[in-house]
Amino acid sequence: MFIEIKGIKKSFGSGESRADVLKGIDIGIDKGEFCVLLGPSGSGKSTLLNIIGGIDSADEGYISINGEKTADMNEKALTMYRRKHLGYIFQMYNLIPNLNIKENVEVGAYLSDNPLDVDDILKTLGLYEHRHKLPNQLSGGQQQRTAIGRAIVKNPDILLCDEPTGALDYNTSKEILQLIETVNQKYNSTIIMVTHNDAIKNMADKVIKLRDGVIRKQYVNQTKVAAADLDW
Ligand SMILES: Nc1ncnc2c1ncn2[C@@H]1O[C@H](COP(=O)(O)OP(=O)(O)O)[C@@H](O)[C@H]1O
Ligand SMILES: [Mg+2]
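Thresholds applied
Residues numbered from 1 in each chain as written. Chains lettered and ligands numbered in written order. Predicted model: local features only at pLDDT ≥ 70, side-chain atom pairs only at ≥ 80, totals over all residues. Heavy atoms only, no water. Disulfide = S-S within 2.5 Å. Buried < 20%, exposed > 50% of the residue type's maximum accessible area, 1.4 Å probe, protein only. Pairing = 2+ DSSP bridges. Helix = DSSP H or I, 4+ residues; strand = E, 2+ residues; numbered from the N terminus. Core = buried A, V, L, I, M, F, W, Y, C linked by side-chain atoms within 4.5 Å. Near = heavy atom within 4 Å. Polar contact = N/O pair within 3.5 Å; in protein donor to acceptor, adjacent residues only side chain to side chain. Areas by Shrake-Rupley, 256 points an atom, 1.4 Å probe, with all protein chains shown as cover. Nonpolar A, V, L, I, M, F, W, Y, C, P; charged D, E, K, R; others polar. Lys, Arg positive; Asp, Glu negative; His and termini not counted. Salt bridge = Lys/Arg side-chain N within 4 Å of Asp/Glu carboxyl O. Contact = heavy atoms within 4.5 Å.

> Got a minute to help me understand the state of the cysteines in this structure?
Two cysteines whose sulfur atoms are joined by a covalent bond form what is called a disulfide. Tallied over the full model, the rule gives zero disulfides. In this model cysteine 35 remains outside any disulfide bridge; the closest cysteine sulfur is found in cysteine 161, 11 Å from its own. The exposure class assigned to cysteine 161 is buried, which follows from its relative accessible area of 0%.

Quick look at the structure:
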C-alpha cells in the first residue's frame, strides 16, 4: 500500500461549538491510482485532503506514505515531503498575480530537485503562447491549467486536487479533467481528487465516498470511463 490512511479523526472547536468532522477514516491507496473522493459540501473532504497534504494535523490516527508516517517526520522532513512529493491544486487557482504564466510554473520548479521541463509543460497544457501574460489576462480555465502546471512541474509522486473544476464551466471542466487524467497516465502520479460532482467518479480507479465524517463506500471502479466521455 503506497498511502495508508488509518483511523483519522479531526474535530474543530470545543464545548458546545465542537464539530467532529472526521470520525475515523481508513483508506488505502496504491501507487499510480487515480482516486476520486466524493461527498456533499461540508462533509470534511478538504479537511481530509489537508491532513494528507500535511497542511493540517489529525487528532487521532496516522497517514503513512511509502511506509513512513507523516506524524513521525520532524518539521524539516515534513517540509521536504510536501516540497518533493506533493502537488496541490485548489478550486481557486492561487496564482501569483504579478508573475507571468511561465514564472508561476517556475515557482513549482524551484521547489523540486528534479523538476520537469517548464517549456514542455507549458506546451502540454496549451499555455506556451501565453507564457508572457499575467494571470488576469487569461480565462479561468487557462489559470487553472497554470496552477496544474505549477503543481506537476515538481514531478510529484502525489497530486492532491481539491474541487479543481469547481469554478469552471462544463467544457472547461472536462478539459481540465482530461489534463489531470493525462498527468496520471504520463507521470504515473498517484492522484486524490475531491469533488461533489458524482459523474466524475466514473473516471476513477478508486471511488471513496465520505459522509458525516465516515467512509460510506470505497471500491475499485471496474468500468472506468475516459474523462472525455464523462457527461453530467
Ligand atoms: N479551521 C476550521 N475551523 C472550524 N471549522 C472548520 C475548519 N475547517 C473546516 N471546518 C468545518 O468542518 C466541516 C468540513 O469542512 P470541509 O472539510 O471544508 O468540508 P468539504 O470540503 O467537504 O466541503 C465544515 O462544517 C466546516 O465548517
Ligand atoms: Mg472543500
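Now, onward.
> Mind showing me how you'd approach the pairing of strand β2 (residues 19-29) here?
Working note: regular strand, side chains alternate between the two faces of the sheet. With eight bridges joining them, strand β1 (residues 3-12) and β2 adopt antiparallel strand pairing. Counterpart to lysine 10 in the pairing with β2 is leucine 22. Hairpin geometry of β1 and β2 is characterised by an intervening segment of six residues between the two adjacent antiparallel strands and by a positive phi of about 75° at glycine 13.

> Please explain the nonpolar core as it appears in this structure.
Looking at soluble globular proteins, one finds that nonpolar side chains tend to be buried together. Core analysis: the biggest nonpolar cluster contains 37 residues, and Leu159, Ile180, Met193 and Met203 have the highest contact counts within it. Counting residues per element, the ones that place at least two in this core are β3 (34-38), α3 (101-110), α4 (118-124), α5 (140-152), β7 (158-162), α6 (170-187) and β8 (190-195). Phe2, Val21, Ile29 and Leu78 belong to the second-largest nonpolar core, a separate cluster that totals 28 residues.

> Just to check I follow, could you spell out the site of ligand 1 for this structure?
In the vicinity of ligand 1, the contacting residues are Phe12, Val21, Pro40, Ser41, Gly42, Ser43, Gly44, Lys45, Ser46 and Thr47. In this structure, serine 46 approaches ligand 1 through a side-chain N or O atom, which is 2.9 Å from an oxygen atom. Note that an oxygen atom of ligand 1 is positioned 2.6 Å from one of the side-chain N or O atoms of threonine 47. Across the complex, the protein chains shield 53% of the 560 Å² of accessible surface that ligand 1 would expose by itself. Residue contributions to the shell around ligand 1 peak at three residues, all from helix α1 (residues 45-52). A breakdown of the residues in the shell around ligand 1 according to their chemical character gives three nonpolar, six polar and one charged.

> Honestly, the side chain of lysine 174 in this entry has me stumped. Any pointers?
Tracing the backbone through its elements, the reader meets lysine 174 in helix α6. Although lysine 174 is buried, it forms no salt bridge, and the closest oppositely charged side chain is aspartate 231 at an N-O distance of 5.5 Å. Those residues in contact with lysine 174, other than ones at most four positions away along the chain, are Ala227, Ala228, Asp229, Leu230 and Trp232.

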